[in-house]
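Coordinate inspection notes
Next come the chains, spelled out residue by residue.
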Amino acid sequence: MIDSIGETIVRVVGPLVPVYLSEAETENYPYAVYELQSTPRLTKDGVAGYDGVAVINIYGKDFDELQALSDAMVEGLVALNADPEWAVQVASQSKSCTEGVWVLTTNLQINQLG
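Since we're looking at a predicted model, the values are computed, not measured.

1. Side note on the overall build of the protein
Counting secondary structure elements, the protein contains 2 helices and 5 strands. Computed over C-alpha atoms, the radius of gyration of the protein comes to 15 Å, within 12% of the 13 Å expected from 2.2 N^0.38 for 114 residues, which places it in the range of a compact globule. Along the first, second and third principal axes, the C-alpha set of the protein runs to 50 × 25 × 20 Å. When the 114 residues of the protein are sorted by exposure, 37% land in the buried category. Accessible area for the protein stands at about 6500 Å²; split by element, carbon and sulfur atoms hold 50% of it. Of the side chains in the protein, 5 bear a positive and 16 a negative charge, and the two mean positions are spaced by 7 Å.

2. Looking at the nonpolar core
Taken as a class, soluble globular proteins show a tendency for nonpolar side chains to be buried jointly. Grouped together as the largest cluster of nonpolar side chains are 23 residues, with contacts concentrated most on Ile9, Val13, Ala32, Ile56, Met73, Leu77 and Ile110. Of all the elements in the fold, those that place two or more residues in this core are α1 (5-13), β2 (31-43), β3 (46-60), α2 (63-78), β4 (86-98) and β5 (101-112). If one sorts the elements of this core by residue count, α2 sits on top with 5 residues. Beyond its immediate sequence surroundings of up to four residues, isoleucine 110 is in contact with Ile5, Ile9, Tyr50, Asp51, Gly52, Ala54, Trp86, Ala87 and Val88.

3. Structural notes on the pairing of β5
Here β5 lies mainly inside the structure; 9 of its 12 residues are buried. Bridge count for β3 against β5 is 11 bridges, and the pairing is antiparallel. By the bridge assignment for β5, tyrosine 50 is matched with glutamine 112. Across 12 bridges, β4 lies against β5 in antiparallel orientation. The partner of glutamine 93 across the bridge, within β5, is threonine 106. The turn joining β4 and β5, which pair antiparallel and follow one another in sequence, is formed by 2 residues; a positive phi near 50 degrees is taken by glutamate 99.

Reading guide: rules and limits
- Residues numbered from 1 in each chain as written.
- Predicted model: local features only at pLDDT ≥ 70, side-chain atom pairs only at ≥ 80, totals over all residues.
- Heavy atoms only, no water.
- Helix = DSSP H or I, 4+ residues; strand = E, 2+ residues; numbered from the N terminus.
- Rg over C-alpha atoms; globule rule 2.2 N^0.38 Å.
- Buried < 20%, exposed > 50% of the residue type's maximum accessible area, 1.4 Å probe, protein only.
- Areas by Shrake-Rupley, 256 points an atom, 1.4 Å probe, with all protein chains shown as cover.
- Lys, Arg positive; Asp, Glu negative; His and termini not counted.
- Charge placed at Lys NZ, Arg CZ, Asp CG, Glu CD.
- Core = buried A, V, L, I, M, F, W, Y, C linked by side-chain atoms within 4.5 Å.
- Contact = heavy atoms within 4.5 Å.
- Pairing = 2+ DSSP bridges.

Structure (structure tokens):
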């Protein structure tokens, strides 16, 4: 089994807003940056899945636009629960604004079940 949590985040979030791993490659708002820590779940037969913790930050100057993007992102990621290969839970969400740039942060537990 191959860890595809990061690819899945990009597949779900990418159609909504440009998304980057660790560091943005743009200064055009809005955009998203995600961090992912993934650990294989090992059994005597090998890798049985992956347990991941993801932090996704969406940056922009229009709070209402970001809130709509964040809501759509969470809806898309939580919808993965309909697939028996995935288990997704939102752990927390927060927002902040510095110098006119809003950041909406979503912390997720994402499990690829295999």
